[in-house]
Amino acid sequence: MTSTTRLTVAQALVRFLAAQYTERDGVRQRLIGATWGIFGHGNVAGIGQALLEHADEMPYHQGRNEQAMVHAAVGYARQSNRLSTHAVTTSIGPGATNLVTGAALATINHLPVLLLPGDTFATRPADPVLQQLEVPYAGDVSVNDCLRPVSRYFDRITRPEALIPAALGAMRVLTDPVETGAVTLALPQDVQAEAYDWPEQFFAERVWAVRRPGADPAELAEAVRAIRAAKRPLVVAGGGVHHSRAEEALAEFAGATGIPVASTQAGKGSLRHDHPQDVGGVGHTGTATADELARTADLVIGVGTRYTDFTTASGTLFSNPDVRFLNLNIAPFDGHKLAGQPLVADARSGLQELTGALRLHAYRVAGSYATEYTDDKERWEQRVDACYEVDEPDTRPTQPQVLGALDEIADESDILINAAGSLPGDLHKLWRTRSPDQYHLEYGYSCMGYEIPAAIGVKLAAPDRPVWALVGDGTYLMMPTELVTAVQEGIAIKVLIIQNHGYASIGGLSESVGGERFGTAYRYRSEDGSYTGSPLPVDLAANAASLGMRVLRAKTVRDLREALAEARAADTPTCVYVETQTADTVSGAPPAQAWWDVPVAETATRPSAVKARELYERHVSTRRRHL
């Protein structure tokens, strides 16, 4: 007779989660390392009580904003190479809908997170209950259905026994390198508290093997032929290189073949900045070196990349009429993009197989090609030096000079986190990445507010390393709430707030597309009704201090260098606040080296928009579909 244990649904779920593990390359770790939660009537007596009941098995973290809790879990998952993540529990209503943005971010970036929102009563004793969405045409719809399109797996547990297949299905998706993303188990509040006799096998330790599939022999042979025939091949390294821990395999492949490696935002750091074959970021925010190689490449070897519009410059970058694509990707969906020749395999396994096969043929790019990209890279490094250079250390820094000051004190142990604004462009062009996981840019969803909670998650996964959240004032004002969490938990993140009085990135974009920076400055209204008055007297440093952070103010480059060094050495949560000056042509970041499609008004009366449309039509005429 099968032995059973009587527990509530919530208690059974917590016990089950505590017994799940992943294993890859012989290394085993917990799949769900902890649970974040904000409690309300929809989960306090269910999951909340269960977390209390099983506190010795499942660590708990208290959050301040449900979206931020998802960001923290995602940051932890990325730092853990997708082999471990956190769960997030919320009440019904706004607590649940606050999860949607975080879920979209996780799914778009292929990062695992488990969402456990409360739901309305399955038994419907009172209808509607507090915070219930009434849908006249469907009695089984709740606000949690908003999570369906942004989840890789969704189930609503309306009966206790339904938890068993749903929980197993959820773990399967979380640990699948192709399918992973946000996973949602919606939990009606009455079902959470309902007891059931669970089979003991449900709580036995279960290990989910994370596979490393090799390439199909026929696809591998075709890939080798394509590379051997190429005269100007270029690797585009994406986030899949990091997820697979394929950095060493990529370095070996590049070193053996001499093929240059450009990187997407997610893939930057796949090679160290000083590796001979590293040519920097590619695409709209890329380097001149990488983008010129992309324009002339006859074979683009995508490794673990989704080819977003920033990477392809909206279909205008890979302009060689003979260019072809070879896509090494664990996901067939991405392997076939741009009419590419797919090589469906784990990034590390596929690279190792390619390297071995090409060595048999003694393949290497021509010396003249290597000399060309090496010289171009050196010229770009001189431009980076010029951006970082400071002539007057007692003046306010430009944003590139802020990055230069951080570059001076950072080593391979530092981790930088950013997601939105003007910083992603500057970082992609300028930052000299020293380790595979130093550059943590969330650019799949480019979500303002990600940085601070993600830094907490990263620090929980890497407690002995300096973790920096780089935020502009616009991003900071979106979601500073988790500073309280960092203070409460003693999580010693470092937050660098760069004050430039508005949405600087969108302001620049607005100007380029005829929008004249409308609605992008943080300033008082002028007499004409526009936001062109004096800067607002908002003190973000004081705000951070009021939330419990230690704050270091820097007025000059000299101050900034001292403050950054002090913050890096701190063992408590610390914020560095600096106001930047407008960049000039010497110290400002280089402009975009490739186009990005933001449609411009086809009809307008304002001269700025008319001129922008003319330029837009010239650019869009160069777009091509790769067939």
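Structure first, text after, so check above.
Residues numbered from 1 in each chain as written. Predicted model: local features only at pLDDT ≥ 70, side-chain atom pairs only at ≥ 80, totals over all residues. Heavy atoms only, no water.

Draft legend 1. Structural detail: the overall build of the protein chain. Scanning the protein chain from terminus to terminus reveals 24 helices and 23 strands. On C-alpha atoms alone, the protein chain measures out to a radius of gyration of 25 Å, which is about the 25 Å that the 2.2 N^0.38 rule sets for 627 residues. Principal-axis analysis of the C-alpha atoms gives the protein chain an extent of 75 × 70 × 55 Å. By residue count, 57% of the 627 residues in the protein chain fall in the buried class. Looking at the protein chain alone, contacts between residues at least 24 apart form 77% of all its contacts between residues at least 6 apart. Total accessible area computed for the protein chain in this model is approximately 25,000 Å², and 52% of it derives from carbon and sulfur atoms. (Helix = DSSP H or I, 4+ residues; strand = E, 2+ residues; numbered from the N terminus. Rg over C-alpha atoms; globule rule 2.2 N^0.38 Å. Buried < 20%, exposed > 50% of the residue type's maximum accessible area, 1.4 Å probe, protein only. Contact = heavy atoms within 4.5 Å. Areas by Shrake-Rupley, 256 points an atom, 1.4 Å probe, with all protein chains shown as cover.)

Draft legend 2. Structural context of the pairing of strand E16 (residues 324–329). A large share of E16 lies buried, amounting to five of its six residues. Of the strand pairs in this sheet, E16 and strand E17 (residues 341–344) are connected by four bridges, and their pairing is parallel. Paired with asparagine 329 across the bridge in E17 is valine 344. (Pairing = 2+ DSSP bridges.)

Draft legend 3. A look at the nonpolar core. Of all hydrophobic cores here, the largest spans 51 residues; its most connected members are Ile227, Phe253 and Ile301. Beyond its immediate sequence surroundings of up to four residues, phenylalanine 253 is in contact with Ile227, Val235, Ile259, Ile301, Leu351, Leu354, Thr355 and Leu358. Within the second largest apolar cluster, 47 residues are counted, among which are Leu111, Ile452, Ala469 and Ile493. (Core = buried A, V, L, I, M, F, W, Y, C linked by side-chain atoms within 4.5 Å.)

Draft legend 4. Spatial organisation of the packing of helix H18 (residues 451–461) against helix H20 (residues 482–489). Relative to each other, H18 and H20 sit at 25 degrees, their axes nearing to 9 Å. Here H18 is positioned roughly parallel relative to H20, judged by the angle of their axes. Mapping the contact onto sequence places Ile452, Pro453 and Ile456 in H18 and Glu482, Leu483, Thr485 and Ala486 in H20. Across the contact of H18 with H20, the residue classes tally to five nonpolar, one polar and one charged. (Axes fitted to C-alpha atoms, helices over the stretch in contact; angles between N-to-C directions. Parallel < 35°, antiparallel > 145°, perpendicular 65-115°, else oblique. Nonpolar A, V, L, I, M, F, W, Y, C, P; charged D, E, K, R; others polar.)

Draft legend 5. Region of interest: empty space enclosed by the protein. As enumerated under the stated definition, the model contains two cavities of 30 Å³ or more in all. Lining the largest cavity are 20 residues, with Lys268, Asp278, Gly280, Glu381 and Trp431 positioned closest to its centre. Listed by contribution, the elements that provide at least two residues to the lining of the largest cavity are strand E14 (278–281), helix H15 (367–388) and helix H17 (423–430). Broken down by element, the lining of the largest cavity gets its largest block of residues, four residues, from E14. Class assignment of the residues belonging to the lining of the largest cavity gives a composition of five nonpolar, nine polar and six charged. Of the volumes computed, that of the second largest cavity is approximately 40 Å³. Around the second largest cavity, the lining residues are Ile92, Gly93, Ala96, Gly118, Asp119, Thr120, Gln131, Gln132, Leu133, Ser142, Val143 and Asn144. Residues belonging to the lining of the second largest cavity are distributed by class as follows: four nonpolar, seven polar and one charged. (1 Å grid on protein atoms, 1.4 Å probe; cavity = no way out; pocket = protein on both sides within 12 Å on 5 of 7 lines; lining within 4 Å. Points joined across faces, edges and corners; volume = space filled by probe spheres on them.)

Draft legend 6. Here's a closer look at the packing of helix H16 (residues 399–409) against helix H23 (residues 557–569). Their axes nearest at 10 Å, the elements H16 and H23 cross at an angle of 45 degrees. It follows from the interaxial angle that H16 and H23 lie oblique. The two elements H16 and H23 meet at a crossing, and its hand is right-handed. On H23, the residues that touch Gln401, Val402, Ala405, Leu406, Glu408 and Ile409 of H16 are Val557, Leu560, Arg561, Leu564, Ala565 and Arg568. Of the residues in the contact of H16 with H23, the class split is eight nonpolar, one polar and three charged. (Left-handed = near helix turned anticlockwise from the far one by under 90°.)

Draft legend 7. Molecular detail of the layout of surface pockets. If you add up the space inside the second largest pocket, you get close to 320 Å³. Taken together, 21 residues line the second largest pocket, and the ones lying closest to its centre are Thr120, Arg124, Gln132, Gly139 and Asp140. Looking at the lining of the second largest pocket residue by residue, the class counts come to 10 nonpolar, five polar and six charged.

Draft legend 8. Representation of the side chain of serine 142 in the model. With respect to the helices, strands and loops of the structure, serine 142 is situated in the loop between strand E7 (113–119) and strand E8 (153–156). A residue is classified by how much of its surface remains accessible, and serine 142, at 6% relative accessible area, is buried. With near-sequence residues (within four places) excluded, serine 142 lies in contact with Asp119, Thr120, Leu133 and Arg156.

Draft legend 9. Spotlight on the sheet that holds E7. Spatially, E5-E4-E6-E7-E9-E8 is the arrangement adopted by the six strands of the open sheet, whose pairing is parallel. Looking at which strands have only one partner, the edges of the open sheet turn out to be strand E5 (60–62) and E8. Going across the sheet, the axis of each strand differs from the next one's by a mean of 20 degrees, ignoring polarity. Note that strand E4 (residues 32–37) and E5 share three bridges and pair parallel. Each bridged residue has a counterpart across the sheet, and for glycine 37 the counterpart in E5 is glutamine 62.

Draft legend 10. Spatial organisation of the pairing of strand E21 (residues 494–499). Taken across its six residues, E21 has six buried, putting it largely inside the fold. What you see with E21 is no split at all: Lys494, Leu496 and Ile498 on one side and Val495, Ile497 and Gln499 on the other are buried throughout. By the bridge criterion, five bridges tie strand E20 (residues 467–472) to E21 in an arrangement that is parallel. Counterpart to valine 471 in the pairing with E21 is isoleucine 497.

Geometric descriptors of this kind do not, in isolation, establish any biological role.
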